[in-house]
Amino acid sequence: MNFRADPDPSADPPRVAALLRAARARIEPAEAELLLAHVLERSRSWLFAHDDHTVAAPAQARFADLLARREAGEPVAYLLGRRGFWRFDLQVSPATLIPRPETERLVELALERLPAQAELSLADLGTGSGAIALALAVERPRARVLAVDVSADALAVARANALELGLGNVEFRRGDWFAPLAGERFDLIASNPPYIEAADPHLQQGDLRYEPAGALASGRDGLDAIRVIAAQAPAHLRPGGWLLIEHGWEQGAAVRALLAAAGLSEVATERDWEQRDRVSLGRRPG
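Keep in mind that this is a model prediction, so the values were computed, not measured. (Residues numbered from 1 in each chain as written. Predicted model: local features only at pLDDT ≥ 70, side-chain atom pairs only at ≥ 80, totals over all residues. Heavy atoms only, no water.)

**Focus: the overall build of the chain**
Using the following cut-off: Helix and strand definitions follow DSSP, with helices as H or I runs of at least four residues and strands as E runs of at least two, each counted in order from the N terminus. Under the scheme applied here, a residue whose accessible area is under 20% of the maximum for its type counts as buried, over 50% as exposed, and between as partly exposed, the area being computed with a 1.4 Å probe on protein chains only. Should any heavy atoms of two residues lie within 4.5 Å, those residues are considered in contact. Counted charges follow a simple rule, with Lys and Arg positive, Asp and Glu negative, and His plus the chain ends left uncounted. Charged side chains are reduced to one point each, which is NZ for Lys, CZ for Arg, CG for Asp and CD for Glu.
Within the chain one finds 10 helices and 9 strands. In terms of its C-alpha atoms, the chain occupies a principal-axis envelope of roughly 75 × 40 × 35 Å. For the chain, with 286 residues in total, the buried portion stands at 51%. Put simply, of all contacts in the chain between residues at least 6 apart along the chain, 65% involve residues at least 24 apart. Charge separation in the chain, taken as the distance between the mean sites of 33 positive and 40 negative side-chain charges, equals 3 Å.

Okay, here's the thing in structure tokens:
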């Protein structure tokens, strides 16, 4: 079956099963199912239970468009406008990184250091869609969470996600890293900053081609943003406060050195579920 942007109105409408069969031959089967479910505003399980349901021409056209865009490489998350993270779905857009499961490890490590009932002050630097900040706000409702990003478009997405989740303990500020936080100190600062080398060929491959370059790459060795965060964090941490930074799997030793040079103690690197270095952390003495 060939998809057309302008289906023949005189032809019999195709059924769900036929559309999926043809689409699965062009992209990953699960992706085809997600896209058709999105167009029909149904769940994937509904598709399987209603595979003889006829699909009207407008929905066919929307599905054909999404299918072609996915074949061209556009990320499914951007086509759907959503991505699952932690215990909820987040709105995403080309202004934000697509949240990834590895970042949930950073959230876990942060929560281990945040007493559940304490009134805490937290910051998420480079919040993007708000993934880290909102997960911490959900799990620590008595905490005050500040989410910072230099992109106004990204902050608009993050604010929409906070509103959708009904969170009132998150504040959003626009600026570069610590610039909007002058004079403020926190019990914990978390960040998933850009950490890919600027010349890394992976930036021209797969989903990364469509994600915001400024949220991915950071200088010749990928550590420019982390250098700034590590150097400035002690001035914004309360005594005993923690800094947690996500980074690439080969950067653990370099990031630990930056944290130690900034005067942090208890410096360590934690691994993700695939046993790769993923999050380095340190604590302000006292």
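**Focus on the packing of aromatic side chains**
Stated precisely, the cut-off is as follows: In this scheme Phe, Tyr and Trp rings, the latter by its six-membered ring, pair at centre separations within 6.5 Å, and the angle between planes marks the pair as stacked below 30 degrees, edge-to-face above 60, and tilted otherwise. Throughout this description, the term charge over a ring refers to an Arg CZ or Lys NZ atom that lies within 6 Å of the ring centre and within 35 degrees of the ring normal.
Under the counting rule described, the total for this entry stands at 0 aromatic pairs. Stacked on the ring of Trp242, the Lys or Arg Arg113 has its end atom at 4.7 Å from the ring centre.

**Re the nonpolar core**
Rules: Here the nonpolar core consists of buried residues drawn from Ala, Val, Leu, Ile, Met, Phe, Trp, Tyr and Cys, with membership extended through side-chain atoms lying within 4.5 Å.
Ranked by internal contacts, the top residues of the largest apolar core, which has 33 residues, are Leu122, Leu134, Leu136, Val170, Phe172, Leu188 and Leu244. Counting residues per element, this core draws most heavily on helix H7 (residues 131–139), at 7 residues. When sequence neighbours within four positions are dropped, the list of residues in contact with Leu122 reads Leu114, Leu136, Ala143, Arg144, Val145, Leu146, Phe186 and Leu188. Within the second largest apolar cluster, 27 residues are counted, among which are Phe178, Leu181, Leu223 and Ile229.

**Observations concerning the pairing of strand E9 (residues 277–283)**
The condition is simple: Note on pairing: DSSP must find at least two bridges between two strands before they are called paired.
Buried residues dominate E9, accounting for 6 of its 7 residues. Here strand E7 (residues 237–246) pairs with E9 via 5 bridges, running antiparallel. Paired with Leu243 across the bridge in E9 is Gly282. Across 5 bridges, the pairing between strand E8 (residues 265–271) and E9 is antiparallel. Each bridged residue has a counterpart across the sheet, and for Glu270 the counterpart in E9 is Val279.

**Digging into the side chain of Thr127**
Its place among the elements puts Thr127 in the loop between strand E3 (121–125) and H7. Look at Thr127 and you get buried, because its relative accessible area is 6%. Each residue touching Thr127, except ones within four places of it in the same chain, is listed here: Ala133, Ala147, Val148, Asp149, Leu155 and Ala158.

**A short note on the sheet that holds E3**
The following threshold applies: Interaxial angles span 0 to 180 degrees and are taken between N-to-C directions of axes, which are lines fitted to C-alpha atoms, for helices over the stretch in contact.
Taken in spatial order, the 7 strands of this open sheet run E5-E4-E3-E6-E7-E9-E8, and their pairing is mixed. A strand with exactly one partner marks an edge of an open sheet, and here the two such strands are strand E5 (170–174) and E8. Here the average twist between neighbouring strands, direction ignored, is 15 degrees. Its contacts with the sheet place helix H9 (residues 224–232) against E3, strand E6 (186–191) and E7, and it is angled at close to 170 degrees to E7. Across the sheet, helix H10 (residues 252–261) touches E7, E8 and E9, and the angle it forms with E9 is around 10 degrees.

**A closer look at the pattern of salt bridges**
What counts is decided by this rule: By convention in these notes, a salt bridge is any Lys or Arg side-chain nitrogen within 4 Å of a carboxyl oxygen on Asp or Glu.
Throughout the structure, instances matching the rule amount to 27 salt bridges. Linking Asp207 and Arg70 is a salt bridge whose minimum nitrogen-to-oxygen distance equals 3.6 Å. Highlighted residues: Asp207 in the loop between E6 and H9 and Arg70 in helix H4 (residues 57–71), separated in sequence by 137 residues. A relative accessible area of 17% means that Arg70 is categorised as buried. A salt bridge links Glu102 to Arg276; the nearest nitrogen and oxygen atoms lie 3.7 Å apart. Here Glu102 is found in helix H6 (residues 101–112), whereas its partner Arg276 is found in the loop between E8 and E9, with 174 residues between them in sequence. Assessed through its relative accessible area of 23%, Glu102 is described here as partly exposed. Beyond isolated ion pairs, a larger network of salt bridges with shared partners links Glu102, Asp272, Glu274, Arg276 and Arg278.

**A short note on the pairing of E5**
Under the convention used in this document: Crossovers are described as right-handed under a simple rule: with the strands pointing away from the observer, the path leading from the first strand over the helix to the second runs clockwise.
Across 5 bridges, the pairing between strand E4 (residues 144–149) and E5 is parallel. Looking at the pairing, Val148 lines up with Arg173 of E5. Between the parallel elements E4 and E5, the chain passes through helix H8 (residues 152–165) in a crossover that is right-handed.

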